[in-house]
Amino acid sequence: MNGRRHILICGEVGAGKSTLVQKLLKATNRPLYGFITKRLEADETGFHPIYIHPAGAIERAHDEDNLIGTCDTKIHNISTETFNTLGVEYLKAEPGGLIVMDELGFMEAGAEKFVKSVFAALDGDIPVIAAVKARYDVAFLNEVRAHKNAKLFNITKENRDALYQELLPIVLSWNL
C-alpha cells in the first residue's frame, strides 16, 4: 500500500462499510482492539440510541455506560464523556493486534481525548481498519481520510465485492 499501513473504508450509509470490515476481520488471526458502534431502532421518543462496544466482544450490552448518544433526523445528543473514557480505553492495543474503528463519524469530533487516541492509532504501527462516515463537512473526518499512514478506499454498493477481493490480501499479509 505504498508505505501506508492502515485501511480506511469510506462510503455512504448502506454502502456496506461495516459489512466489509466484518468480512475482513474474519480473515485475521490477530487479537482485536478498537470499537464497533451500533445504532438501534428508534425508541418511543423517536430517537435512535447509539452504543459503543469493544471490537472483539461477543456479547454487547446496551446500557447508559456505553451509550454514545441519541439522534433523530435533526437533533443529536452526544456523550463526549463515553467517547473520552470507553472509546479511549478500547483503542489501547498491544503489539500483534489489529485496531478496528467502526465507525468514525461526526458525533465524536468534539471528544478531544478520543480524537487524540484515533490519531495516535493512525500514527502507530499496529494495523488499523476503519469505517469512516462520508461526511465532508467535519474537519476531524477530513483529517482522518487524509492521514499519511492510511490508504482510503471508497465503497459503493457496486464495488463492495471487488473491494473485498482487493483488501483481503492486505489483511492476510498482516496475519502473524
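Because the structure is predicted, anything quoted here is derived from the model rather than measured. Per chain, residue numbering runs from 1 following the sequence as it is written. For a predicted model such as this one, the threshold for reporting local features is a pLDDT of at least 70, and the threshold for listing and counting side-chain atom pairs is 80 or more; totals across whole chains, interfaces and linings nevertheless cover every residue. With hydrogens and water stripped out, all remaining heavy atoms of the structure feed into the side-chain values.

**Remarks on the side chain of Asn 84**
Numbering of helices and strands runs from the N terminus; a helix is a DSSP stretch of H or I covering at least four residues, while a strand is a stretch of E covering at least two. Secondary-structure assignment places Asn 84 in helix 2 (residues 80-90). Reaching out from Asn 84, the side chain makes a polar contact with the backbone nitrogen of Phe 114 at a distance of 2.9 Å. The contact rule is simple, with two residues in contact once any of their heavy atoms fall within 4.5 Å. Filtering out sequence-adjacent residues up to four positions away, Asn 84 remains in contact with Ala 111, Glu 112, Lys 113 and Phe 114. Within 3.5 Å is the distance limit for a polar contact, defined as a pair of N or O atoms, with the added protein rule that one can donate a hydrogen and the other accept it, and that residues adjacent in sequence qualify only through two side-chain atoms.

**Notes on helix 2**
Remark: exposure states derive from per-residue accessible area (1.4 Å probe, protein chains only) relative to the maximum for the residue type, with buried under 20%, exposed over 50%, and partly exposed in between. What helix 2 keeps buried is the set Thr 82, Phe 83, Asn 84, Gly 87, Val 88 and Tyr 90. Contacts made by the buried residues of helix 2 are with strand 2 (32-39), strand 3 (48-54), strand 4 (67-71), strand 5 (76-78) and helix 3 (112-123).

**Focus: a positive patch on the surface**
Only residues whose relative accessible area exceeds 30% and that take part in no salt bridge are eligible for patches, with like-charged residues grouped when within 9 Å of each other and nonpolar side chains (Val, Leu, Ile, Met, Phe, Trp, Tyr) grouped when within 5 Å. Residue burial considers only the protein chains on display, and all accessible areas are found by Shrake-Rupley using a 1.4 Å probe. Here, a salt bridge means any Lys or Arg side-chain nitrogen found within 4 Å of an Asp or Glu carboxyl oxygen. Neither His nor the chain ends contribute to the count of charged residues, in which Lys and Arg are positive and Asp and Glu negative. For this purpose, a charge sits on NZ of Lys, CZ of Arg, CG of Asp or CD of Glu. Together, Lys 23, Lys 26, Lys 157 and Arg 160 make up a positively charged patch on the protein surface. Relative to the helices and strands, Arg 160 resides in helix 5 (residues 160-173).

**What about the packing of helix 2 against helix 3?**
Helix axes are fitted to C-alpha atoms over the stretch in contact, other axes to C-alpha atoms as well, and angles between N-to-C directions run from 0 to 180 degrees. Where helix 2 meets helix 3, the closest approach of the two axes is 7 Å, and the angle between their N-to-C directions is 30°. In terms of orientation, helix 2 and helix 3 fall into the roughly parallel class. Here Phe 83, Asn 84, Gly 87 and Val 88 of helix 2 lie close against helix 3, whose contacting residues are Glu 112, Lys 113, Phe 114 and Ser 117. Throughout, the ten residues Ala, Val, Leu, Ile, Met, Phe, Trp, Tyr, Cys and Pro are labelled nonpolar, Asp, Glu, Lys and Arg are labelled charged, and all others, Gly among them, are labelled polar. A class-by-class count of the residues in the contact of helix 2 with helix 3 yields three nonpolar, three polar and two charged. In what follows, roughly perpendicular refers to angles from 65 to 115 degrees, roughly parallel to angles under 35, roughly antiparallel to angles over 145, and oblique to any angle outside these ranges.

**As for the packing of aromatic side chains**
Pairing of aromatic rings covers Phe, Tyr and the six-membered ring of Trp, with a centre-to-centre limit of 6.5 Å; geometry is then stacked below 30 degrees between planes, edge-to-face above 60, and tilted otherwise. According to the stated counting rule, one finds three aromatic pairs in the structure shown. On the basis of an interplanar angle of 55° and a centroid distance of 5.2 Å, the ring pair of Phe 83 and Phe 114 is categorised as tilted. Of this pair, Phe 83 sits in helix 2 while Phe 114 sits in helix 3; the two residues are 31 residues apart in sequence, bridging distant segments of the chain. Like Phe 83, the residue Phe 114 is buried in the burial classification. For the pair Phe 119 and Phe 140, a centre-to-centre distance of 5.9 Å together with 90° between the ring planes defines the contact as edge-to-face. With a gap of 21 residues between them, Phe 119 in helix 3 and Phe 140 in helix 4 (residues 139-145) connect regions that are remote in the sequence. The residues Phe 119 and Phe 140 share a single accessibility class, namely buried.

**Some remarks on the confidence of the model for the protein**
On average, residues of the protein score 93 in pLDDT, and 98% of them are at 70 or above. Looking across the protein, the model is least confident in strand 5, with a mean pLDDT of 91, and most confident in helix 3, with 98. Every residue is assigned a pLDDT by the predictor, reflecting its confidence on a scale from 0 to 100.

**Notes on the packing of helix 1 (residues 17-25) against helix 5**
At their nearest, the axes of helix 1 and helix 5 sit 10 Å apart, and the two run at 35° to each other. Our pair here, helix 1 against helix 5, has a crossing hand that is right-handed. Facing helix 1, whose interface residues are Leu 20, Lys 23 and Leu 24, helix 5 presents Arg 160, Asp 161, Leu 163, Tyr 164, Leu 167, Leu 168 and Val 171. Looking at the contact of helix 1 with helix 5 residue by residue, the classes come out as seven nonpolar, no polar and three charged. In this scheme the crossing of two helices becomes right-handed for a clockwise turn of the near helix relative to the far one and left-handed for an anticlockwise turn of less than a right angle.

**Brief notes about the pattern of salt bridges**
Evaluation of the coordinates by the stated rule reveals seven salt bridges. Asp 125 is paired through a salt bridge with Arg 5; the nearest N and O atoms lie 3.6 Å apart. Of this pair, Asp 125 sits in the loop between helix 3 and strand 7 (128-133) while Arg 5 sits in the segment before strand 1 (6-11); the two residues are 120 residues apart in sequence, bridging distant segments of the chain. Taking the relative accessible area as the measure of exposure, Asp 125 reaches 66% and is therefore exposed. One salt bridge in this structure joins Asp 137 and Arg 135, with 2.8 Å as the shortest N-O distance. Each member of the salt-bridge network shares a partner with another, and the members are Lys 17, Glu 103 and Lys 133.

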